[in-house]
Amino acid sequence: MPGFLQRLFAPRWRHADARIRQEAIASLSAERDRDKLETLLQDNNAEVRHAALERLATPEHYQTLLTTLEADTPLYRTLRDTLSGRERTLLTLEQRQQVMDALTDPTLLEHMATHADNQQLRLAALVRIEDENILIEQACQNSIAGVRQAAAGRIDSDEGLERLAREARRDKQIMRSARDRLNQRRDQRREQDARQQRRDDLIAAMTRLSDQQWEPMLPARYRHLVREWQSLADDADASQNQKFYRVEQLTSARVAEHDNAQREAQAREQAMDMARRDSQRIISSLTQALKDLEHRTTLDGQDVAQLQAHFKLQAEQWRDLTDRIAPEQEDQRRFEALTQQASELISAWERFEAHQETLRSAIEARDHQSIEQTRRTIAWPKGLPCPTLLTHLPEPAAPTGSEPASSTSIDPDQFQQSLDQLENQLDRGELQESTRLLDSLMQRRHRLPPARRDSLQARLSQLGQRTHELRDWRNFAAAPKRDQLIEGMEGLAASELDEPARDQQHRRLVRDWKALGDAAASRERSTRFRQASDRVREQLTDYYQRRDQQRETNLAERERLCEQLETLIDHTAATSDPDSLRTIRDRAREAWRQWSPVPRDREAELRQRFTRSLRALQTLIDQQARAVAQAKQALVDEIRELEEADIDDERRAEKAKALQTRWRELGRAPRGEEQTLWRAFRQHCDTIFERRNSRRQQQRQQRDSRMDQMQALIDRMDQWQPDSAADRATLDEAEREADALMPLPNGPRTGGMLKRWEGILRDRRERLDRLALGALADRWQQWQPLLEAHVAADSRAIADAPADSVDTPLALSPEALAAHRLRNERRATGERAKAREWLEHLRVHLSVLVDAPLDSEDSSRRLDVQVARLNDAMGSTSDPMEELEQLQYRLLASGPINEEDWQAVSPRLNALMAMLQEIDSDD
């Protein structure tokens, strides 16, 4: 079909006229004619596209089209403009926000955040933007303050905040907020760096603490480091936590081990103090027991048995005591003397019991010779009370011719005192003493004077009756006890107790049987008890053999221990460590207690040997400890002088540490002196370290102040931009200020600050160099009238006219004014050929400085320029700026030059001077 026919019969929505196509859209339905409307969306007429889009405008359709279309298509632009509100909107605000929530194209989102006609749309687009550069642009350039602030609030990097602080000139609030956030972050990083560095220092300190030798302040330092780490451990990384935990465990183990050792030593000291008190108590108890006997007038078997049991018990306690500690020599001597005194009394009583019947028969027979012989055999110790039978021995017969009354009568007052003593003994229930004293009084009653015989004998009869009553009562009370002991012994023989418990029970029953004395005693009971005891002993025969073997083994070990101590004492060096000797002493006591019991017949001798060895060892310890005390006193004097010395605090602290090391190596002085010396030594050490720490704190504050000043200087120079070459003085002043703050302390913060400072300096120097080059180019242009005036005057002078001086209205610098005057002088005296050649030389020199290309005929001049530059720079560093400035002065002073020569060179010089503004400052 011909084209005109197609146009004639074409539907209206495909009409060539855009207005007709737009009108036809009104008759199309979105449900029925969706394909046609989709086709019209691609129409090249904006009004047609807008009308078609209006019929299909839904959020889902917008999302689909914006996702599938290219950004440079007309339909895409229509969608973007209608969505942003630049054209008439086709969706409600809620629908447009729904479309915004599904967009992902950064370019479209940036466009919407910039050009949307509603703040909510802009904020919705801003929420979906992730690129920080776009956010910075929005924070700096967006026309709505709320969008700018929302964009600024999402900038999180330091670089973004620095850029925002520089570029957000439209919104001072955002600039200040960015600067404040940046400073806050820097402060936080500084604090984090400081905390990080402090944690590293704590790890290093704990490592040193775990490796160093022990000193009294180590536990306190350990606890201080742990507390400080706990306050810094919240933001520590896993590596730091692991390092600190590892060294903390090592140090904790050392502290725990030392605390345990110290507690053990304290327990040993307490045990030693208790043992000393026990030794005094035992000696006091034995002394009091003997004193109690001395106050008695007579002595009986019960008194001796009680004394023997008491001394036996105290002797066992003394043996246990000496197993723990070697008693003092004076205490040992007093104990041995008291034991010897008691042994003499017990031996005398045994002799008295052996000869008691003989003595009693001799007394009844009035055989004074036998009485005296028996008394000498008994040999009762002097100064000690004796039995009643020995107290009232009958006196020998008086010689023939003496008065019967004087030889047979006795003192009634003394007899009365004996009666009082008998009554007191009966009141106390002392049956044996009362019986002996009663027998003695009955023998002496016939020698009483007749005047008082009846009254004293009446009282004696009364007391005798009380004595018989007491004997009957004692027998009545003791009989059930004896039967109970017999039953207990017979039951023990048939029991199934283990051997140690059986032996202990057997000894207790025998001890209780002996304590009853002769009360309710009978042959039948004694036989039954003895037979049961023998059966128990037979059952314990193997136990006794093993016990004897163990005692022999313990005896051999104790003898070996004594030999080792004696060898140690004989071969101990004069410089032995007292702490080591104390350890040996304590371990020897523990070993002595471990090897117990031993045979009793060898125990006393071996104990005395061990006691002598320990006493000698203690003497050696005391000697070494006194030597240590003297050495530590010298250290106290030395550290006192060190505290007053006029030296550096750090050197003083290092020397104090060396003295502390020597202190630890010396060992311990005597207990009282050690504490006194340590308090004095520690006081001086604390003063020295406090002075050093105060100095360090002051230096740390000064370093922090310098860091803060340097940070403020960096921030100030970061905000400063030079406007002219004259601003170099400001940069030089800042460099001098920075040099005054150097050196800064080492650390990550310092490295970052110096790196930033160098970058700022480099940037400002480059800008100043560019400004200086521009100033030189501008000055050259300002000198053009003056140069042309000089050339005109030079041309007249070359044409044999008078050499006139050129005046200038310009405000020249002293160097430029000197060059101007030199040009006027050379007009009359200079040679044209040399001036022309020198001008070409300066042109080549300028070309070399600006790195301009040269012709082949300038090769020789280029070589001359390079040689001259090397000669001028000999021994110094050449400054390109100064060299360019001097070159301009030389060009001004160069002459005489005629007009023709100047016109040949001037354009090239101007072109080279114009290139100064294009030169990189690094050149």
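Observations concerning the overall build of the protein
Phase 1 of the analysis: Secondary structure summary: the protein contains 39 helices and two strands in total.
Phase 2 of the analysis: Among the 923 residues that make up the protein, the fraction classed as buried is 40%.
Phase 3 of the analysis: Restricting the contact set of the protein to residue pairs at least 6 apart, pairs at least 24 apart contribute 73%.
Phase 4 of the analysis: Put simply, the protein shows about 51,600 Å² of open surface, and 47% of that area lies on carbon and sulfur atoms.

Quick look at the packing of aromatic side chains
Phase 1 of the analysis: A complete count under the given rule lists seven aromatic pairs for this structure.
Phase 2 of the analysis: Ring geometry for W663 against W678: centres 5.7 Å apart, planes inclined by 50°, an arrangement best described as tilted. Note that W663 is positioned in helix α30 (residues 649–666) and W678 in helix α31 (residues 671–719), a separation of 15 residues in sequence. The same class applies to W663 and to W678, which are both buried.
Phase 3 of the analysis: One aromatic cluster is present, built from ring pairs that chain together W663, W678 and F681.
Phase 4 of the analysis: In this structure, R558 is placed above the aromatic ring of W592, and the distance from its NZ or CZ to the ring centre is 3.9 Å.

Some remarks on the packing of helix α27 (residues 541–570) against helix α28 (residues 578–594)
Phase 1 of the analysis: It is at 10 Å that the axes of α27 and α28 come closest, and there the two elements cross at 165°. It follows from the interaxial angle that α27 and α28 lie roughly antiparallel. For the pair α27 and α28, the sense of crossing is left-handed. Residue-level contacts link R558, L561, C562, L565 and L568 of α27 to I584, A588, A591 and W592 of α28.
Phase 2 of the analysis: When grouped by side-chain class, the residues that make up the contact of α27 with α28 number eight nonpolar, no polar and one charged.

What to know about the side chain of R823
Phase 1 of the analysis: If you trace the backbone, R823 turns up in helix α35 (residues 814–829).
Phase 2 of the analysis: There is a polar contact of 2.9 Å between the side chain of R823 and the side chain of D794.
Phase 3 of the analysis: Setting aside its immediate chain neighbours within four residues, R823 contacts L787, H790, V791, D794, L891, L892, A893, S894, G895 and I897.

With respect to the confidence of the model for the protein
Phase 1 of the analysis: Summing up the model confidence of the protein, the mean pLDDT is 77 and the portion of residues at 70 or higher is 82%.
Phase 2 of the analysis: Here residues 1–9 is modelled with pLDDT under 50, and outside its nearest four sequence neighbours on either side it reaches one contact, counting other chains as well.
Phase 3 of the analysis: The low-confidence segment residues 397–407 (pLDDT under 50) makes two contacts with residues lying over four places distant or belonging to another chain.

As for the nonpolar core
Phase 1 of the analysis: Within the largest apolar cluster, 34 residues are counted, with the highest numbers of intra-cluster contacts made by W780, W783, L846, W902 and L909.
Phase 2 of the analysis: Elements represented by at least two residues in this core include exactly α33 (748–782), α34 (784–798), α35, α36 (832–849), α38 (880–893) and α39 (899–914).
Phase 3 of the analysis: Broken down by element, this core gets its largest block of residues, seven residues, from α38.
Phase 4 of the analysis: Setting aside residues no more than four positions away along its own chain, L909 makes contact with W780, L839, R843, L846, L891 and W902.
Phase 5 of the analysis: One finds V99, L108, C140 and I174 within the second-largest nonpolar core, a separate group that totals 30 residues.

Some words on the pattern of salt bridges
Phase 1 of the analysis: Applying the stated rule across the entire model yields 35 salt bridges.
Phase 2 of the analysis: Salt-bridge contacts for R764 lead to D718; the nearest nitrogen and oxygen are separated by 3.9 Å. Of this pair, R764 sits in helix α33 while D718 is found in helix α31, placing the two residues 46 residues apart along the sequence. For the pair R764 and D718, a shared accessibility class is recorded, and that class is buried.
Phase 3 of the analysis: D769 is the salt-bridge partner of R728, the closest N and O atoms lying 2.6 Å from each other. Within this pair, whereas R728 is found in helix α32 (residues 728–741), its partner D769 is found in helix α33, the two being separated by 41 residues in sequence.

Regarding the environment of P578
Phase 1 of the analysis: Note that P578 resides in helix α28.
Phase 2 of the analysis: In sequence terms P578 and A625 are 47 residues apart; their C-alpha atoms lie 5.8 Å from each other.
Phase 3 of the analysis: Contacts of P578, omitting those with residues within four sequence positions, involve I621, Q624, A625, V628, L666 and R668.

A look at α34
Phase 1 of the analysis: Spanning 15 residues, α34 covers 21 Å between terminal C-alpha atoms, matching the ideal 21 Å at 1.5 Å per step.
Phase 2 of the analysis: Taken residue by residue, α34 has Q784, L786, L787, H790, V791, A793, D794, S795 and A797 as its buried positions.
Phase 3 of the analysis: The inward-facing, buried residues of α34 contact α33, α35, α38 and α39.
Phase 4 of the analysis: Positive backbone phi, at 70°, marks D800, one or two positions downstream of α34.

Focus on the environment of A532
Phase 1 of the analysis: Mapped onto the elements, A532 comes out in helix α26 (residues 523–539).
Phase 2 of the analysis: Sequence-distant contacts of A532, defined by excluding residues within four places in its chain, comprise M489, E490 and A493.

Comments concerning a positive patch on the surface
Phase 1 of the analysis: Residues K312, R511, K514, R537 and R600 make up a contiguous surface patch of positive charge.
Phase 2 of the analysis: Here R511 lies in helix α25 (residues 499–515).

Here's the deal with the environment of A775
Phase 1 of the analysis: Its location among the elements puts A775 in helix α33.
Phase 2 of the analysis: Sequence-wise, A775 and S724 are 51 residues apart; in three dimensions their C-alpha atoms are separated by 8.2 Å.

Digging into the packing of helix α12 (residues 158–167) against helix α13 (residues 172–211)
Phase 1 of the analysis: Their axes nearest at 8 Å, the elements α12 and α13 cross at an angle of 145°. Considering only the axes of α12 and α13, their crossing is left-handed. Contacts from D158, L161, E162, L164, A165 and R166 of α12 reach α13 at I174, M175, A178, R179, R181, L182, R185, R186 and R189.
Phase 2 of the analysis: Looking at the contact of α12 with α13, its residues break down into seven nonpolar, no polar and eight charged.

Brief notes about unusual backbone geometry
Phase 1 of the analysis: Residues S596 and P597 are joined by a peptide bond in cis, for which omega reads 0°.
Phase 2 of the analysis: As for its placement among the helices and strands, P597 is situated in the loop between α28 and α29 (600–644).
Phase 3 of the analysis: A cis amide bond, omega -5°, links M742 with the succeeding residue P743.

Definitions and limits used
Position labels on residues start from 1 in each chain and follow its written sequence. Reporting in this predicted model follows two pLDDT cut-offs: at least 70 for local features of residues, and 80 or more for side-chain atom pairs to be given and counted; totals over whole chains, interfaces and linings ignore these cut-offs and use all residues. Processing note: side-chain calculations cover all non-hydrogen atoms of the structure and skip hydrogens and water entirely. The way it works is that DSSP assigns letters per residue, a run of H or I at least four long becomes a helix, a run of E at least two long becomes a strand, and they are numbered from the N terminus. The classification of residues rests on relative accessible area computed with a 1.4 Å probe and restricted to protein chains. Under 20% of the type maximum is buried, over 50% is exposed, and intermediate values are partly exposed. Should any heavy atoms of two residues lie within 4.5 Å, those residues are considered in contact. Reported accessibility uses the Shrake-Rupley method at a 1.4 Å probe radius. Residues are deemed covered only where the shown protein chains occlude them. Centres within 6.5 Å make a pair out of two Phe, Tyr or Trp rings, where for Trp the six-membered ring is used; the pair is then stacked when the planes are under 30 degrees apart, edge-to-face when over 60, and tilted otherwise. Only Lys NZ and Arg CZ are tested; either one counts as a charge over a ring when it is within 6 Å of the ring centre and within 35 degrees of the ring normal. Axis geometry follows a simple rule: fit a line to the C-alpha atoms, using only the stretch in contact for helices, then measure angles between N-to-C directions, giving values from 0 to 180 degrees. Here is the rule for angles: anything less than 35 degrees is roughly parallel, anything more than 145 is roughly antiparallel, 65 through 115 is roughly perpendicular, and the remaining ranges are oblique. Crossing handedness is read from the near helix: turned anticlockwise from the far helix by less than a right angle, it gives a left-handed crossing, and turned clockwise, a right-handed one. Throughout this entry, Asp, Glu, Lys and Arg are counted as charged residues, while Ala, Val, Leu, Ile, Met, Phe, Trp, Tyr, Cys and Pro are counted as nonpolar. The remaining residues, Gly among them, count as polar. Throughout this description, a polar contact denotes any pair of N or O atoms lying within 3.5 Å of each other; where both atoms belong to protein, one of them has to be capable of donating a hydrogen while the other can accept it, and for residues adjacent in sequence the pair is counted only when both atoms sit in side chains. Confidence of the prediction at every residue is given by pLDDT, a number between 0 and 100. Buried Ala, Val, Leu, Ile, Met, Phe, Trp, Tyr and Cys residues form a nonpolar core when they are joined through side-chain atoms within 4.5 Å. Salt bridges are identified by distance alone: a Lys or Arg side-chain nitrogen within 4 Å of an Asp or Glu carboxyl oxygen. Expected helix span is taken as 1.5 Å per residue step, with the number of steps being one fewer than the number of residues. Here, patches come from residues exposed beyond 30% relative accessible area and free of salt bridges, joined within 9 Å for like charges and within 5 Å for nonpolar side chains (Val, Leu, Ile, Met, Phe, Trp, Tyr). Neither His nor the chain ends is counted toward charge; the positive residues are Lys and Arg and the negative residues Asp and Glu. Taken as the charge location is NZ of Lys, CZ of Arg, CG of Asp or CD of Glu.

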